[in-house]
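Each chain, letter by letter, is given below.
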Amino acid sequence: MVVRWVDGTPPEDVSPTGVSVRSRVHEYGGASATVRDGVLFYVDQSDQQWYRVALARSPAAREAAVVLTGPVPPDGPGPWSSRYADGQVLPSGAWLLSVEERHAGTSTDHRLVGVPLAADAAAAGPVVTLAEDRDFVASPRPSPDGRWVAWVTWDHPFMPWDRSELWLARLEESADGLRLHRSRRVAGGGESSVGQPRWARDGSLLFVDDRTGWWLPYRVALGGLADGGPEAEAVVALEAEFHAPDWVLGQATMAERSDGSLVCRMHRGGRDEVVHLRPNGGPDGDPGSGGGQPSWTMEVIDQACVAISGLVVTGGPAERLYVLGSTPTEAQAVFEIPWSSSEPSRRISTGPESPSAAGVSVARPFTASTPTGPVPGLFYPPVGAPDGAPTDPPPLVVFCHGGPTSAAEGGLDPMVQFFASRGLAVAAVNYRGSSGFGRAFRKQLDGLWGQADVDDCVQYAAALERAGWVDGRRMAIRGSSAGGLTALGALIRADRFAGAAAWYGVTDLEALAADTHDFESRYVDSLVGPWPEARPTYRARSPIHGVEQVTGSVLLLQGADDPVVPADQSERFAAALDQRGVPCRLVVFEGESHGFRRASTIEASLLTELDFYRSLFGDRTGPGATNPST
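None of these values were measured; they are calculated from a predicted model.

1. Section: unusual backbone geometry
Then, in step 1: Cis geometry is adopted by the peptide bond preceding Pro157, which originates at His156 and carries an omega value of 5 degrees.
Then, in step 2: Relative to the helices and strands, Pro157 is located in the loop between strand 12 (148–154) and strand 13 (165–174).
Then, in step 3: In the segment running from Trp531 into Pro532, the intervening peptide bond is cis, with an omega of 10 degrees.
Then, in step 4: Topologically, Pro532 is positioned in the loop between helix 8 (523–527) and helix 9 (535–541).
Then, in step 5: Despite not being glycine, Gln48 has its phi angle at roughly 65 degrees, a positive value.
Then, in step 6: Classification of Gln48 by relative accessible area gives buried; the value is 5%.
Then, in step 7: With phi around 55 degrees, Ser139 is a residue other than glycine that occupies positive phi space.

This is the structure we're talking about:
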């Protein structure tokens, strides 16, 4: 659902009752709603089409939603079924620019389209194709005057964080429709990736680019856009990340203030910060100094959030800064961050109330020294454990994040707290390939997925045992999706763990390469090797072909309707383990996909997983072990 919050009033649902607002473009979706002039535009999960509805306060008035794109069912008269996301209304109000994903049998393609917004939807013309010459398209962003549009593209076999490009074109609206003219590449390509194009108030174009090895903000002046003039200039020169992998559409970690300064999320030193970037002022008032040299000053805004998903600056006489983030002791919520140094105000919560700070395990940064280099991560002691090494080292559960191009962050994670409150220590490992540490660290997993990530997690657990923080005889490992491959691989490549739990985990890399959705269909080429030429490597890295070497018990939790890692992967792996006599439990949840969404499914999965660890370690799980409410 879409929620509106106005200062001084409680949050209010504004999307139609009973509608789930969610896009499935790239399967992971994102950017499924936008608002313009009191009108909400949203994607209905049931048919993946764009709808519009006035933001009236009356619930009855909100039910008059109008479909804009009109679904074409797979078995209908047309050959395609379409999904939509990442919409932006043109300044004229006549068109909605959007990403369109089209499906026909086993074929998928992506286009940048214009959706007509006639007052009478029935009289509106068809969706207009603007760009369709690349495998993927994202982030269509029209300029404030409606004359230009910027967007991001990339092609197989690359993912958007490997190699992507920023494109720009003139946008022409007329009685005959909508067209692009003089398209040209502005940035990206080669060994760099781009993201988050947005237009500044002065007409310049802002975006992030990792050409230096770090995702940093850049700016192209209006004159450069109009006549192919100067190159983009860097706003700052740092070893820090102002962007994250675009697993979902609509990432927003950069906002502009009315004075032309920028407010950004910056990841550095294993945590997120909020920074204020101010142009110093160059010749003729241009904030850039030319020559690609940064001429902006940076100030860190004091605030408590350490994991931030997005931020926005509201307009009006009193600008306000809001972030969607979490603190070490508070779950993800919308926080208002004062411009002056003071505590943030929690405005809208996205989940249940956070536990009291006294009942929270706060992340302790810990970097393990390994034969291949330092491996960063976070250690969570059991709730109630004293500072430093506990006198009776607790059992350990190693968390392998998904992706694998993702990262473990230090904000309050209810899943971590669930286990830490029951006497288990948790280690969240940022193995080679994790994001947030620059392109070079991300690329260290290329060709080594299923080896380097596994070895880093094994070494991290060993380092915690050497430090005296955990009991080396009572260790388990868990992961979801790609993290499931890492967790299960640890039972094959090492004998350190008593068991592994995988939520919708990858067990067969060959099947993943042959049977996954379009967005990730070539992802494994870089992580393992080109398919099918590297078939022997795929088999060697797949847990299903290593059942003879499995050294511990296995728990598999799987969605029956998963299009990313189909249930067949878990079912075949469980059967192979059972045939060999390896203890394994498989639980399949009907109606669930990739990423469990029902509260009942998540609760059942966590309780099943906790029971699994108790079967491995015995019932000595410490404080909170019998408290089911945490």
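2. Concerning the pairing of strand 11 (residues 136–142)
Then, in step 1: In terms of burial, strand 11 is a largely internal element, seven of the seven residues being buried.
Then, in step 2: Looking at chain direction, strand 11 and strand 12 are connected through five bridges and run antiparallel. Residue Val137 lies in a different strand from strand 12, and its bridge partner there is Thr153.
Then, in step 3: Turn length for the strand 11-strand 12 hairpin, with the two strands adjacent in sequence and antiparallel, is five residues, and the turn residue Gly146 shows positive phi of about 75 degrees.

3. Points about empty space enclosed by the protein
Then, in step 1: Taken as a whole and assessed by the stated rule, the structure comprises three cavities of 30 Å³ or more.
Then, in step 2: By volume, the largest cavity amounts to about 120 Å³.
Then, in step 3: Along the wall of the largest cavity there are 15 residues; nearest its centre are Ala138, Ser139, Asp246, Val248 and Leu249.
Then, in step 4: Elements supplying a minimum of two residues to the lining of the largest cavity: strand 11, strand 12 and strand 15 (194–199).
Then, in step 5: Top element by residues in the lining of the largest cavity is strand 15. It accounts for three residues.
Then, in step 6: Its residues placed into classes, the lining of the largest cavity shows seven nonpolar, seven polar and one charged.

Rules and cut-offs
Residues numbered from 1 in each chain as written. Predicted model: local features only at pLDDT ≥ 70, side-chain atom pairs only at ≥ 80, totals over all residues. Heavy atoms only, no water. Helix = DSSP H or I, 4+ residues; strand = E, 2+ residues; numbered from the N terminus. Buried < 20%, exposed > 50% of the residue type's maximum accessible area, 1.4 Å probe, protein only. Pairing = 2+ DSSP bridges. 1 Å grid on protein atoms, 1.4 Å probe; cavity = no way out; pocket = protein on both sides within 12 Å on 5 of 7 lines; lining within 4 Å. Points joined across faces, edges and corners; volume = space filled by probe spheres on them. Nonpolar A, V, L, I, M, F, W, Y, C, P; charged D, E, K, R; others polar.

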